[in-house]
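Results of the structural survey
Okay, here's what each chain looks like letter by letter:
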Amino acid sequence: MIKLLKDIFTIDKHPRKGLMPLEWVVLGYLILTSLLILFTYTELEFPLEMLKGRGRVVVMTLALWIVYRLVPCRFTLMFRVLGQMALLSWWYPDTYDLNRIFPNLDHVFATTEQSIFGYQPALAFCKEFPSAFFSELMDMGYASYYPMIAVVCLFYFFCRYEEFEKCSFIILTSFFIYYIIYVFLPVTGPTFYFKAVGIDNIAQGIFPNVRDYFKTHLECFPSPGDSKGLFYQLVEGAKAAGERPTAAFPSSHVGISTICMVLAWRSGSRKLFYLLLPFFILLCFSTVYIQAHYAIDASAGLFTGLLLWYLLDKIKI
């Protein structure tokens, strides 16, 4: 333990001089979306505030870089990474502010879902398994998303430090690739779309085109399950705090957690992998159960997660 603490606070003899690759990814996303804001300035509700927010991200990034340069050690480098990770929850609703200028596409995805399964899995799943115990398992799986990411990153930091930067780069870059998709592919998911068009229409296989409905409407169904359950309340609390009608296809919950599972396996720690495996399985099913995603969203999340890991792992850090 003493040796570990010593390693964390030992001054690096050869500190990194410039920005980390993951910080360049953040700035790249920032520039790309800033250009989009400028080109669509009159169509956005709060374009100036969005640009100011990006300015604050730049300031924070430079501040963390300066702190690291003054005290170059593992501890300050970790805070450079954690600072950018913490901002992911800020970037997420930003995708809604941008994509609501485009026409909604949920009717296309709901129709595709119907043609594949003959029904809506997001509607049928929770009805087939309505018990409080099962719904709590699903909510626990969904709530384990960010803890899974934290566990994998911290494991690499403390146990595989030489690969920590690469691990963080893969996870963070994957998030921003998903965010870019969400900006240009406005799909809200069943919890918003079903609420907008009505369950009766969905049950009859009628999927109206709502066009720009979600430009001004944020209403969604509460998650199915036991409203008194601990994990149910955690999920609903998270939805109330920052959920928006955005980011349905592909499921980044499934995609990022798939990447975390691959990183856990590649870490060499089978204990870590098998510890996370039950939560991963529950999470994949829960995205459909709580009606956050269509089944095709979850399937696409699994595929894109594997693809992103494969492509990003080839980049030398």
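Coordinates for the structure precede this section.
The paragraphs below set out a description of the structure included in this document. Because the structure is predicted, anything quoted here is derived from the model rather than measured.

Attention now goes to the overall build of the protein. Assigned secondary structure in the protein consists of 16 helices and 0 strands. Over its C-alpha atoms the protein spans a radius of gyration of 21 Å, differing by no more than 12% from the 20 Å that the globule rule assigns to 317 residues. In terms of principal-axis extent, the alpha carbons of the protein reach across some 65 × 50 × 35 Å. Split into buried and exposed, the 317 residues of the protein put 50% on the buried side. Considering only residue pairs separated by 6 or more positions, the protein has 82% of its internal contacts joining residues 24 or more positions apart. A total accessible area of about 15,200 Å² is found for the protein, and carbon and sulfur atoms account for 69% of it. Within the protein, one finds 26 positive and 24 negative side-chain charges whose respective centroids are separated by 12 Å.

Within the largest apolar cluster, 91 residues are counted, with the highest numbers of intra-cluster contacts made by Trp91, Ile171, Phe176, Tyr179, Tyr193, Ile256 and Leu263. Looking at which element gives the most residues to this core, the answer is helix α10 (residues 164-184), with 12 residues. Ile171 has contacts with Met85, Ile149, Cys153, Ile256, Ile259, Cys260 and Leu263, leaving out every residue within four places of it along the chain.

Our focus in this paragraph is unusual backbone geometry. Each neighbour pair has its own omega, and for Phe249 with Pro250 the value is -10°, a cis peptide bond. One non-glycine residue, Arg211, lies in the positive phi region at around 50°. For Arg211, the position within the fold is in the loop between α12 (199-203) and α13 (230-242). A positive phi is found at Gln291, a non-glycine position, where the angle reads about 70°. Note on Gln291: relative accessible area 8%, which makes it buried.

The next subject is helix α16 (residues 295-313). Residues spaced three or four apart along an α-helix point in a common direction, a consequence of the helix completing one turn every 3.6 residues. In a regular helix each residue adds 1.5 Å, so 19 residues correspond to 27 Å; α16 covers 27 Å between its end C-alpha atoms and thus fits that length. Residues Ala295, Ile296, Asp297, Ala298, Ala300, Gly301, Thr304, Gly305, Leu308, Trp309 and Leu312 constitute the buried set of α16. Where the residues of α16 are buried, they touch α6 (106-117), α7 (121-128), α10, α14 (252-266) and α15 (270-289).

The grouping of Ile31, Leu35, Leu38, Phe39, Tyr41 and Leu48 at the surface amounts to a nonpolar patch, some 640 Å² of accessible area in total. Structurally, Leu38 is set in helix α2 (residues 21-39).

With that out of the way, let us pick up the packing of aromatic side chains. For the coordinates displayed, the defined rule picks out 33 aromatic pairs. Taking the centre distance of 4.8 Å and the plane angle of 50° together, the rings of Phe109 and Phe249 count as tilted. Linking Phe109 in helix α6 with Phe249 in the loop between α13 and α14, this pair joins segments that are 140 residues apart in sequence. Its relative accessible area of 11% is what places Phe109 among the buried residues. Each member of the aromatic cluster is reached from another via a ring pair, and the members are Tyr29, Trp90, Trp91, Tyr145, Tyr146, Phe175, Phe176, Tyr178, Tyr179 and Tyr182.

Within this structure, the stated rule accounts for 9 salt bridges. One network of salt bridges, in which partners are shared, links Glu45, Asp97 and Arg100.

Tallied over the entire structure, the rule returns 0 disulfides. The closest cysteine sulfur to the non-disulfide-bonded Cys126 is located on Cys220, 14 Å from its own sulfur. Judged by relative accessible area, which is 11%, Cys126 ranks as buried. Cys167 takes part in no disulfide bond, and the closest cysteine sulfur, belonging to Cys153, lies 4.5 Å away.

A separate point is helix α11 (residues 190-197). Within α11, 6 of the 8 residues are buried, which leaves it mostly tucked inside the rest of the structure. Within α11, the full set of buried residues consists of Pro190, Thr191, Phe192, Tyr193, Phe194 and Val197. In this structure, the buried side of α11 is in contact with α6, α7, α12 and α13. Following α11 by one or two positions, Gly198 adopts a phi angle in the positive range, close to 95°.

A few words on the environment of Asp313. Structurally, the position occupied by Asp313 is in helix α16. The spatial distance from the C-alpha of Asp313 to the C-alpha of Asp7 is 26 Å, given a sequence separation of 306 residues. Residues within four places of Asp313 in sequence aside, it is in contact with Lys166, Ile170, Arg266 and Leu308.

Attention now goes to the packing of α6 against α16. Interhelical geometry of α6 versus α16 gives an angle of 90° and a closest axis separation of 9 Å. Taken together, the axes of α6 and α16 are roughly perpendicular relative to one another. Across the interface between the two elements, Phe109, Thr112, Glu113, Ile116 and Phe117 of α6 pack against Ala295, Ile296 and Asp297 of α16. The residue makeup of the contact of α6 with α16, split by class, is 5 nonpolar, 1 polar and 2 charged.

Definitions and limits used
Residues numbered from 1 in each chain as written. Predicted model: local features only at pLDDT ≥ 70, side-chain atom pairs only at ≥ 80, totals over all residues. Heavy atoms only, no water. Helix = DSSP H or I, 4+ residues; strand = E, 2+ residues; numbered from the N terminus. Rg over C-alpha atoms; globule rule 2.2 N^0.38 Å. Buried < 20%, exposed > 50% of the residue type's maximum accessible area, 1.4 Å probe, protein only. Contact = heavy atoms within 4.5 Å. Areas by Shrake-Rupley, 256 points an atom, 1.4 Å probe, with all protein chains shown as cover. Lys, Arg positive; Asp, Glu negative; His and termini not counted. Charge placed at Lys NZ, Arg CZ, Asp CG, Glu CD. Core = buried A, V, L, I, M, F, W, Y, C linked by side-chain atoms within 4.5 Å. Expected span 1.5 Å × (residues − 1). Patch = residues over 30% accessible without salt bridge, like charges linked within 9 Å, V, L, I, M, F, W, Y side chains within 5 Å. Salt bridge = Lys/Arg side-chain N within 4 Å of Asp/Glu carboxyl O. Phe/Tyr/Trp six-rings, centres within 6.5 Å; stacked < 30°, edge-to-face > 60°. Disulfide = S-S within 2.5 Å. Axes fitted to C-alpha atoms, helices over the stretch in contact; angles between N-to-C directions. Parallel < 35°, antiparallel > 145°, perpendicular 65-115°, else oblique. Nonpolar A, V, L, I, M, F, W, Y, C, P; charged D, E, K, R; others polar.

By themselves, these figures tell us nothing about what the structure is for.
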